[in-house]
Amino acid sequence: MTNQELMALDSQYIMQTYGRFPVTIARGAGARFWDCEGREYIDFTSGIGVNSLGSCNPDWIAAIEQQIHAFGHTSNLFYTEPCVRLAKTLTERTGMTNVFFANGGGEANEGMIKLARKYSFDKYGLGRSNIVTLRQSFHGRTITTLQATGQDVFHNYFFPFTEGFRYAEPDDLESVKAQLRDDSCAVMLELIQGEGGVRPLDPGFVSGLRQLCDQRDLLLLVDEVQTGVGRTGALFAFQKYGILPDVCSFAKGIAGGLPMSGIMAAERCSQVLTPGTHATTFGANPVCAAAASAVLKTLSEPFLEEVDRKGAYLRAGIAALGSRYVRDVRGMGLMIGVGVQNIAHSALCAKLLDAGLLTLTAGSDTLRLLPPLTITYEELDKGLAIMKRVLCPAEG
Ligand SMILES: *Cc1c(COP(=O)(O)O)cnc(C)c1O
């Protein structure tokens, strides 16, 4: 199929819910993709932070192949080894206590919200169910997680939304306190707001929140759907912040490209979800779990330190361009936001695409870079060379 043929069929048969880039993807390897007609792209997106090991990582393929030959799926009515192995690794490496596996980020956040409400219901009864989330946050596309998302543009069309959320300003403890009332059961946040513009929260604010939640028996819910699984140079961003959440969700990068998500609970609320209170048919799929274990095996401590070094290298490389389009460069590990000025972030993203580099946007003025965690320095340099051509046109 040619690029044009594929795009035409897509518009005929697929609901047009995505503003797709005019690019087809036919094949990938590491941090590179090729379109239907063989044109190469450097990938600074990992499929929105999903392909943590890049495309077609051999260890990831081997783990999937081995499991799919054993059995590809059963139900959660039976005991299976791949999800237990994965949960054991996740909890041992984080200090969390146990895990519930689901399939996507929004769905994991739904589970986290259910857990928080039940924790409070079990202890205090009805009427203590409100959750404070932050402005500019993003928590998903379900009717509940849209409402949890602290951006008014998402609260549209699909009325009525789930009630029980109030919004506070990020990095402003007084604003959170003002929204916490007798009906509150939890505070929910991303440690680095991803879709909202790659904004890392202030560590003082986060530790202040941890204390506040402890004082008032509120659960601290950390949405690590984007920041989790090595993205920030720690297995989970909460480890960089030096806190333990009561519950955290993860998804995007966990299974390196297969659909999987989950929530982890700390000891205090590890027994809240009891038989019959939460379930999913596909959750804990053994092929996805085996893929995820291959991802976690790759993400050793030395590997995570290398993620930090690569992130610092890329951030410094972009800052050193001295481009008139770059206002600032922020982020942690390989979750990088480039504040854009003198041009629309989407226009810049399109120019980079034309030049052979896949990037993302976030917020209203940010170029977002989420390269595979396995990206090589050679691939980073190729991406930087393309950025230089596009961002510094005068120097050629
Ligand atoms: C992507 C994302 C979600 C939604 O995940 P889906 O898998 O698309 O449902 C939720 N929270 C955060 C922080 C995200 O980045």
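The structure presented is a predicted model; accordingly, all values stated were derived computationally and were not measured.

Rules used in this analysis
- Residues numbered from 1 in each chain as written.
- Predicted model: local features only at pLDDT ≥ 70, side-chain atom pairs only at ≥ 80, totals over all residues.
- Heavy atoms only, no water.
- Pairing = 2+ DSSP bridges.
- Helix = DSSP H or I, 4+ residues; strand = E, 2+ residues; numbered from the N terminus.
- Axes fitted to C-alpha atoms, helices over the stretch in contact; angles between N-to-C directions.
- Contact = heavy atoms within 4.5 Å.
- Near = heavy atom within 4 Å.
- Polar contact = N/O pair within 3.5 Å; in protein donor to acceptor, adjacent residues only side chain to side chain.
- Areas by Shrake-Rupley, 256 points an atom, 1.4 Å probe, with all protein chains shown as cover.
- Expected span 1.5 Å × (residues − 1).
- Buried < 20%, exposed > 50% of the residue type's maximum accessible area, 1.4 Å probe, protein only.
- Arc of directions from axis to C-beta.

**Some remarks on the sheet that holds strand β14 (residues 335–340)**
A sheet is described by the order of its strands in space; here 4 strands give the open sequence β13-β14-β17-β16, paired in antiparallel fashion. Two strands lie at the open edges of the sheet, namely β13 (326–332) and β16 (360–362), each paired on one side alone. On average, each strand axis in the sheet is tilted by 30° relative to the strand beside it, whichever way the strands run. Relative to strand β17 (residues 366–369), β14 runs antiparallel, the two sharing 4 bridges. Each bridged residue has a counterpart across the sheet, and for Gly339 the counterpart in β17 is Thr366. The sheet strands contacting helix α11 (residues 301–320) are β13, β14 and β17, and the helix crosses β13 at an angle near 175°.

**A word on the sheet that holds strand β3 (residues 40–43)**
Taken together, the 4 strands give an open sheet; going across it, the order is β1-β2-β3-β15, and neighbouring strands pair in mixed fashion. The two strands at the open ends of the sheet, each matched to only one other strand, are β1 (27–29) and β15 (357–358). In terms of strand pairing, β1 meets strand β2 (residues 32–34) through 3 bridges, oriented antiparallel. Bridge pairing in β2 links Arg27 to Trp34. On top of the sheet, helix α13 (residues 377–391) reaches β1, β2, β3 and β15; it is set at about 105° to β3, its chief contact.

**Structural notes on the site of the ligand**
With respect to spatial proximity, the complete set of residues near the ligand consists of Gly104, Gly105, Gly106, Asn109, Phe138, His139, Gly140, Glu190, Asp223, Val225, Gln226 and Lys252. Within the side chain of Gln226, a nitrogen or oxygen atom sits 2.7 Å from an oxygen atom of the ligand. About the coverage of the ligand: the protein hides 78% of its 380 Å² of free accessible area. The element that contributes the greatest number of residues to the shell around the ligand is helix α5 (residues 105–124), accounting for 3 residues.

**What about helix α3 (residues 58–70)?**
In this model, α3 (13 residues) spans 19 Å end to end at C-alpha, consistent with the 18 Å of a helix rising 1.5 Å per residue. When we look at burial in α3, the residues that qualify are Trp60, Ala63, Ile64 and Gln67. Projected onto a plane normal to the axis of α3, the buried residues spread over an arc of 95° and lie on a single side. α3 presents Pro58, Gln66 and His69 as exposed residues on the side facing more than 90 degrees away from its buried surface. Those residues of α3 hidden inside the fold are in contact with α4 (81–92) and α10 (286–298).

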